[in-house]
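The residues making up each chain are set out below.
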Amino acid sequence: MLAGQALAQDVPAPLLTLDQDRFFLQSDFGKAAIERERTATAALEQENKRIEADLIAEEQALTEERNTLAPKDFAAKAEAFDQKVERIRDEQDTKSRQLAEVRDRDRRAFLQAALPVLGDLLGQKQATAILDKNLVIVSLSAVDVTDEAIAAVNLALAKKPDPAP
């Protein structure tokens, strides 16, 4: 019997797979992060539409002034308008990049919070590693622990006072 236990300890534990995208997207943490991202993205899109409408109106007004202004004065106004458009474009691009940075931070925060849960799952399954399912060419469905990991992380993070990043 002791020989059987020793032999069992020498046999490598199985490898597990995890669909990282589904793990994040279907967890309560991920759903909340995605909802915040959708809300922020929608607000930015609305702001962009409003700015676009304002710029179109301003451009049309400038076009109408063209016939009443001296060429030098029109050129100065047109140049100022172009600079304004470029500045606004840069500002809006910065806001868009900031949304992407928040998304990346949310994913990193989730992974950091999920690591102890995944470590527990690794121990429960007596496995040696959890691999990204998308990097595995062929595996048995029994080694995919994504559903268990989602349930475990939801439970673990629900116990904390503020599971949101």
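The coordinates are above.
The text that follows walks through the structure, step by step, so that each part is easy to find.

**Focus on the pattern of salt bridges**
Taken as a whole and assessed by the stated rule, the structure comprises 12 salt bridges. The salt bridge partner of Glu 37 is Arg 103, with a shortest N-O separation of 2.6 Å. Taken together, the positions of Glu 37 in helix α3 (residues 28–65) and Arg 103 in helix α4 (residues 71–124) put the pair 66 residues apart, joining distant regions of the chain. A salt bridge links Arg 89 to Glu 86, with the nearest nitrogen and oxygen atoms 2.7 Å apart. Residue Arg 89 and its partner Glu 86 are located together in helix α4, separated by three residues, close to a single helical turn. Look at Glu 86 and you get partly exposed, because its relative accessible area is 40%.

**Looking at unusual backbone geometry**
One non-glycine residue with positive phi stands out, namely Gln 126, at about 50°. Secondary-structure assignment places Gln 126 in the loop between α4 and β2 (129–132). In this structure Gln 126 comes out as exposed when scored by relative accessible area, which is 61%.

**Comments concerning α4**
For α4, which comprises 54 residues, the first-to-last C-alpha distance of 78 Å matches the rise-based estimate of 80 Å (1.5 Å per residue) to within 8%. Within two residues after α4, Gln 126 carries a phi angle of roughly 50°, on the positive side.

**Remarks on the packing of aromatic side chains**
Tallying each qualifying case throughout the model produces three aromatic pairs. Both rings, one in Phe 24 and one in Phe 110, keep their centres 5.3 Å apart while their planes meet at 70°; by these two values the pair is edge-to-face. You can see Phe 24 sitting in helix α2 (residues 20–25) and its partner Phe 110 sitting in helix α4, a full 86 residues away along the chain. The pair Phe 24 / Phe 110 is uniform in exposure class, with both members buried. Clustering of aromatic rings is evident, with ring pairs tying together Phe 23, Phe 24, Phe 29 and Phe 110.

The rules behind the values
- One numbering rule holds for all chains: residues counted from 1, following each sequence as written.
- In keeping with the model being predicted, local features are shown solely for residues with a pLDDT of at least 70 and side-chain atom pairs are shown and tallied solely at 80 or more, while totals for entire chains, interfaces and linings include all residues.
- Based on all heavy atoms of the structure, the side-chain values leave hydrogens and waters out of the count.
- For this document, the term salt bridge refers to a Lys or Arg side-chain nitrogen within 4 Å of an Asp or Glu carboxyl oxygen.
- Here a strand is any run of E in DSSP of at least two residues, a helix any run of H or I of at least four, and the numbering for each starts at the N terminus.
- Any residue under 20% of the maximum accessible area for its type is buried, any over 50% is exposed, and the rest in between are partly exposed; the area is computed with a 1.4 Å probe on protein chains only.
- Take the number of residues in a helix, subtract one, and multiply by 1.5 Å to get its expected span.
- Classification of ring pairs uses Phe, Tyr and Trp, with its six-membered ring standing for Trp, and accepts pairs whose centres are within 6.5 Å; under 30 degrees between planes counts as stacked, over 60 as edge-to-face, and the remaining range as tilted.

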